[in-house]
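Residues per chain are reported as follows:
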Amino acid sequence: MSPADGCETTGEEVLRRSVLPCLLDIGAAMLGAGADVRHVERMLDKLGRAYGARRMDVFVITTLMVVTITLPSEREHTLSRRVDSIAATDYTKLQALDRLCSGCCREPLPADELHRRFRTIADGRQGDGRLFAGGVLAIAAFAVFFGGSWVDALAAALVGVFVCYTMKCWRPFFPNYLIYNFTAALASGLIIGAAGLLVPGLQSSVIIIGVIMILIPGIPITNAIRDLIAGDTLTGIMRLVESLLWALALALGFVVALMVVGWVG
Amino acid sequence: MDLQMLQLLMAVPASLGFALFFNMRGAAMVLAALGGFISWGVFLLVGHWLPGVAAPCFIASVAAALYAELLAVRFRAPSSIFFIVGVIPLIPGRYLFDTMQAAVAADWAQFWDLASVTGQYALAIALGISAVWAVREVVRSLREKKGRPEGCDGECPPTSEPR
C-alpha cells in the first residue's frame, strides 16, 4: 500500500519504533550535557525531517520532552521522555552529540547505527582528572583574583580538592541539588573556617568566594533569564526558581558555617 | 602588582579551570578561557567611563557573547558553554559572599544594598547574552526564510525517505 492510503510502510515503522525513541534519548542527553532547550528543539526538528518526517512538533522543557512526529502517511505519533536534571555539564559530549546530529541531518544514518553511535557518546565518562584539575585551578585562581595571597591560593586549591570530591562522590547520593549545595557549602565552609582559625593570616573570605564561584549555578541562572526573554517562559521560570533555590541553599550552607565558626572562634 | 592587572591575568586561569571542569579540550578550551580575559578587560575598561556596575557588566557580557558566537561558529558547537566560561569572572561571587556576611551580622540595610548589586550583575550578564542572542536569531530566521521553498510554513516535504 502506498503512504497515501494511510497505512504504515516499513520505513515509517522504523522511524516510529527505532528513530523516534533514539531522537528523544539524544535530546535528553544534550539537555543533560548543558544544551539550552531551544537548541535541542531545533536539532530534533531537523533530525526528524532528515529521517523523513513530514512534520515535527517538539516541545522541550528542562524536565520533559514531548515529540509528535507526522509520518508521510499523515499518521502522527507522540512520545515523551522525563529528563533527569542531575547531570554534569560536559562540553565534549555535547559537541559530539551536536556533530552526530548535524551529520545525520545531511546524511541520515540507519537507525541501528544512529543508536549505536549515540550510545558510544552517551556512555563516555568525563575523566576525574579534568574535573579535579579544573575545580582546583578555578578555585585557586579566584582566590587570587579576589585579593588573596599565594598562600590563600594554595589553601583554596586544597579545599578545591575536597569540593571536587564531594561533586564526584557525594552528589550521586543526594536526592537533589538543593540538599547537595547546602551540605557541600556547610562542609567546605567549616573546613575553611577551621583553617582560618588554625593558620594565622589566612583569608577565609577569598577561599569561600572561590568555592562559591564553582558551586553557584551560573549556567542555569543565565539560561533561565535568557529563556524568559526568548519567550520560553515555562522553562525560564522553572529554571530560575530552581537555580535561585540552589543559590539560596549554597548561601545558607555558608551562613551556618560562618555562624558556627564565629561561635567557636 | 596592581590589583586590576592581577585580576586581568587571573581571569584566564580561572576561566581555564571552568573550561576543564566542563570537559572542554584542545583549542576550544584555550580560546574559551581567553573569553575571561576579554570580558573582565572590557568590564574594567568600560568601568572607567560609566558609573555603577550594571552598564559595564552589560557591555562586558555583550563582548563575551559576541566572542562566544565566533567560537561557536569556529568549533560548530552551541555558544552557551563558550559564553559561560568567558563570563565567569563577572559572576558576582564577592557580592554574594558580602551579602551573606551582612545577613549573618543582621545588618539588613547593608544586606539589601549588596543583594541589589548582586542582582544587577546577574541581570546585566543575562541581558547581554540575550541582546546578542536576539540579533543572532533574527539573522538566522532571515537566512532560513531565504532558503525555504515558497509557501512552506513548518510543514515541508520530507528531505529523505524514512530509513
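Keep in mind that this is a model prediction, so the values were computed, not measured. Within each chain, residues carry numbers counting from 1 in the order of the written sequence. For this description, chains carry letters from A and ligands carry numbers from 1, given in the order in which they are written. A pLDDT threshold of at least 70 governs which residues receive local features in this predicted model, and a stricter bar of 80 or more applies before side-chain atom pairs are shown or counted, although totals over entire chains, interfaces and linings include all residues.

It is worth spelling out the overall build of chain B at this point. Secondary structure elements are defined from DSSP: runs of H or I of at least 4 residues count as helices, runs of E of at least 2 residues count as strands, and each element is numbered from the N terminus. Each helix and strand counted, chain B has 6 helices and 0 strands in total. Each helix and strand of chain B, placed in order from N terminus to C terminus, yields the pattern α-α-α-α-α-α. Residues counted as buried form 47% of the 163 residues belonging to chain B. In chain B, of all internal contacts separated by at least 6 residues, the share reaching a separation of at least 24 is 63%. Here the C-beta atoms are placed from the backbone, and a residue counts as buried if at least 20 other C-beta atoms lie within 10 Å of its own, exposed if 12 or fewer do, and partly exposed otherwise. We call two residues in contact when their backbone-placed C-beta atoms lie within 7 Å.

Right, let's talk about the interface of chain B and chain A for a bit. Tallying the contact residues gives 47 residues for chain B and 61 residues for chain A. Mapped onto the side of chain B that touches chain A, the elements with two or more residues apiece are α1 (3–21), α4 (79–87), α5 (93–104) and α6 (108–147) of chain B. Element by element, the count of residues in the side of chain B that touches chain A is highest for α1(B), at 12 residues. Grouping the amino acids of the side of chain B that touches chain A by side-chain chemistry returns 32 nonpolar, 9 polar and 6 charged. We call Asp, Glu, Lys and Arg charged. Ala, Val, Leu, Ile, Met, Phe, Trp, Tyr, Cys and Pro are nonpolar, and the rest, Gly among them, are polar.

With that out of the way, let us pick up unusual backbone geometry. Positive phi outside glycine occurs at Glu74(A), with the angle close to 75 degrees. Relative to the elements of secondary structure, Glu74(A) occurs in the loop between β2 (64–70) and β3 (76–82). Positive phi values are uncommon outside glycine, yet Ala106(B) reaches one of about 55 degrees. Relative to the assigned elements, Ala106(B) resides in the loop between α5 and α6. Residue classification places Ala106(B) among the exposed residues on the basis of 8 C-beta atoms within 10 Å.

Another aspect to go through is the domain arrangement of chain A. Residues and elements named next belong to chain A. Splitting chain A by domain gives domain 1 (3–123) and domain 2 (128–264). Across the boundary between the two partners, domain 1 contributes 8 residues, which contact 10 residues of domain 2. Broken down by class, the residue content of the side of domain 1 that touches domain 2 amounts to 3 nonpolar, 3 polar and 2 charged. Where each domain starts and ends comes from a domain assignment, either automatic or drawn from a database.

Residue and element names in this part refer to chain A. Think of each axis as a best-fit line through the C-alpha atoms, taken over the contacting stretch in the case of a helix, with angles from 0 to 180 degrees between the N-to-C directions. Contact geometry of helix α7 (residues 177–198) with helix α8 (residues 204–215) gives a least axis separation of 10 Å together with a crossing angle of 160 degrees. One finds that α7 runs roughly antiparallel with respect to α8. For α7 against α8, the interelement crossing comes out right-handed. For the pair formed by α7 and α8, the contact residues are Asn181, Ala184, Ala185, Ser188, Gly189, Ile192, Gly193 and Gly196 on the first element and Ser204, Ile207, Ile208, Val211 and Leu215 on the second. Angle categories: roughly parallel below 35 degrees, roughly antiparallel above 145, roughly perpendicular from 65 to 115, and oblique for all the rest. Helix crossings are classified by the rotation of the near helix relative to the far one: an anticlockwise turn of less than a right angle makes the crossing left-handed, while a clockwise turn makes it right-handed.

Next up on the list: the pairing of strand β1 (residues 55–61) of chain A. Residue and element names in this part refer to chain A. Here β1 shows a clear split, with Met56, Val58 and Val60 buried on one side and none of Arg55, Asp57, Phe59 and Ile61 buried on the other. Paired strands, as defined in this entry, are two strands with at least two bridges between them according to DSSP. Where β1 meets β2, 7 bridges bridge the pair, whose relative direction is antiparallel. Bridging across to β2, Arg55 finds its partner in Thr70.

Moving on to the packing of helix α5 (residues 128–145) of chain A against α8(A). Residues and elements named next belong to chain A. Viewed as axis vectors pointing N to C, α5 and α8 meet at an angle of 135 degrees, and their least axial separation amounts to 8 Å. Taken together, the axis directions place α5 and α8 in an arrangement best described as oblique. Helix-helix and strand crossings are classified by hand; for α5 and α8 the assignment is right-handed. Of the residues in α8, those touching α5 at Gly135, Ala138, Ile139, Ala140, Phe142 and Ala143 are Val206, Ile207, Ile209, Gly210, Val211, Met213 and Ile214.

In this section: the environment of Val87(B). Residue and element names in this part refer to chain B. If you trace the backbone, Val87 turns up in helix α4. On the basis of neighbour count, Val87 is assigned to the buried category, with 31 C-beta atoms found within 10 Å. Considering only alpha carbons, one finds Val87 and Gln101, 14 residues apart in sequence, at a separation of 25 Å. Residues within four places of Val87 in sequence aside, it is in contact with Ser39, Ser61, Ala64 and Ile125.

Because an α-helix completes one turn every 3.6 residues, residues spaced three or four positions apart along the sequence face the same direction. Most of α4(B) is tucked away: 9 of the 9 residues are buried. Among the residues of α4(B), Ser79(B), Ser80(B), Ile81(B), Phe82(B), Phe83(B), Ile84(B), Val85(B), Gly86(B) and Val87(B) are the ones counted as buried.

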